[in-house]
Amino acid sequence: MARVYVGTYRAYANGNLFGKWLDLEDYADHEDFIEACKESHAEELKQYGDVELMFQDYEGFPAEYYNESSIDPRVWDWLELSEHEQEMYGAYVEVVGRGIDDFDDVQDLVSTANDNFIGRGESRGDIAEQYLEDTGELKGIPDTLRYHIDFESYARDWAYEAYFGEYEGESWAFHPH
């Protein structure tokens, strides 16, 4: 669940960490979310006439949408992705090192990730073996010889031409962009 802990800078400066966790899915867009944040600090708003929101913690969405003083409105586009697309997005950003600012929009990033996806598995060797199987490169190699192929070594060599990395406990690989 994508959520943010919302406090205020004024309260924080006065030693008060009081805030509230808000679930982003509960709000149609960034404007609704900001309005709810202000409502959750109505006392301060009433007393001082304004409130400077402080987003003290977050979970369940990519870090690139989070900042202590703001939440990027594009996170609502990310929330609309399917679970599979969110996972692909996260893996691509982590492994390849390109983020939302490198693309036109969230769908462009996900499309690029899907287009460049090679595979995922318990290890780089597993990815290499599956890729070679899927592309037909292993056809005709008898099992008695296949067991002697060092797929980990193949993956190490392949790493010069592809991105390999870990994401949520699995190895992932993508073609260069």
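Above this text is the structure in question.
Definitions and cut-offs
Residues numbered from 1 in each chain as written. Predicted model: local features only at pLDDT ≥ 70, side-chain atom pairs only at ≥ 80, totals over all residues. Heavy atoms only, no water. Pairing = 2+ DSSP bridges. Helix = DSSP H or I, 4+ residues; strand = E, 2+ residues; numbered from the N terminus. Axes fitted to C-alpha atoms, helices over the stretch in contact; angles between N-to-C directions. Contact = heavy atoms within 4.5 Å. Patch = residues over 30% accessible without salt bridge, like charges linked within 9 Å, V, L, I, M, F, W, Y side chains within 5 Å. Areas by Shrake-Rupley, 256 points an atom, 1.4 Å probe, with all protein chains shown as cover. Salt bridge = Lys/Arg side-chain N within 4 Å of Asp/Glu carboxyl O.

Here we have three strands laid out as an open sheet, ordered 6-8-7, and antiparallel in their pairing. Single-partner strands in this sheet number two, and they are strand 6 (117-121) and strand 7 (163-167). Within the sheet, the average angular offset between the axes of one strand and its neighbour, ignoring direction, is 20°. Bridge count between strand 6 and strand 8 (residues 170-174): four bridges; the pairing is antiparallel. Bridge pairing links Gly 119 to Ala 173 in strand 8. Contacts between helix 5 (residues 83-96) and the sheet are confined to strand 6, strand 7 and strand 8, with strand 7 contributing the most and set at about 120° to the helix.

This part takes up a nonpolar patch on the surface. On the surface, Ile 141, Leu 145 and Ile 149 cluster together into a nonpolar patch covering about 220 Å² of accessible area. Considering the arrangement of structural elements, one finds Ile 149 in the loop between helix 8 (143-146) and helix 9 (151-158).

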